[in-house]
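In case you want the letters, here they are:
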Amino acid sequence: MMIRDCRPQDGPDIAPLLTQLGYPTSPEQATRRVHQWAADPERHLLVAHVEQTVAGLAALCLIPLIHRDQPLARLVALVVDDRHRGTEIGHALLDRAEQLARQSGCDEMEITSNRGRDRAHRFYRSHGYDDWCEQSARFRKHLSGTR
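Please read all numbers here as calculations on a predicted model, not as lab measurements. (Residues numbered from 1 in each chain as written. Predicted model: local features only at pLDDT ≥ 70, side-chain atom pairs only at ≥ 80, totals over all residues. Heavy atoms only, no water.)

Along its length, the chain carries 4 helices and 5 strands. Mapped in sequence order, the helices and strands of the chain form the string β-α-α-β-β-β-α-β-α. For the C-alpha atoms alone, the extent of the chain along its principal axes is close to 45 × 40 × 30 Å. Counting across all 147 residues of the chain, residues that qualify as buried make up 37%. Residue pairs in contact within the chain that sit at least 24 positions apart in sequence constitute 55% of those at least 6 positions apart. Carbon and sulfur atoms form 48% of the exposed surface of the chain, whose accessible area is close to 9,600 Å². Averaged over its 20 positive side-chain charges, the chain has a centre that lies 6 Å from the centre of its 20 negative ones. (Helix = DSSP H or I, 4+ residues; strand = E, 2+ residues; numbered from the N terminus. Buried < 20%, exposed > 50% of the residue type's maximum accessible area, 1.4 Å probe, protein only. Contact = heavy atoms within 4.5 Å. Areas by Shrake-Rupley, 256 points an atom, 1.4 Å probe, with all protein chains shown as cover. Lys, Arg positive; Asp, Glu negative; His and termini not counted. Charge placed at Lys NZ, Arg CZ, Asp CG, Glu CD.)

Dropping the structure here:
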């Protein structure tokens, strides 16, 4: 297994991963998004490459904060192909994302995850993450007027 930066030619391979995560994505959409992410130094898109196949994806955003000197690292996506779940791929992707966050000056990382993903939540807790939504509210509004 090799963890590496995602490349535009990986778009068709990450589209099914995003779909498995619950976000139906076409190969064209994925390729366009990879290009967008590559153009922003505050974003990191990682893939796990196993036996000539992209088997996992991690998306990390570095967010500058006005109230602190250190940026916040936010893992906005982590998915392992369902044929490879239960292997070390998720651990390797998370470890690499944490390493990139530290190298970028972050001293804290947060992960967003749908409440229904119990297995993912156990995984994050096993890596030392705490669920702190009871202490801090999170609000969202759809700006397009559609849901």
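With that settled, consider the side chain of arginine 4. For arginine 4, the location among the structural elements is in strand β1 (residues 2-5). Of the polar contacts made by the side chain of arginine 4, one reaches the side chain of aspartate 10; its length is 2.8 Å. Not counting residues within four places of it along the chain, the set of residues in contact with arginine 4 comprises Asp10, Leu45, Leu46, Val47, His49 and Val54. (Polar contact = N/O pair within 3.5 Å; in protein donor to acceptor, adjacent residues only side chain to side chain.)

What follows deals with the side chain of histidine 84. The topology assignment puts histidine 84 in the loop between β4 (72-80) and α3 (89-103). Classification of histidine 84 as buried rests on a relative accessible area of 18%. The contact partners of histidine 84, leaving out residues within four places of it in the chain, are Val50, Ala55 and Ile89.

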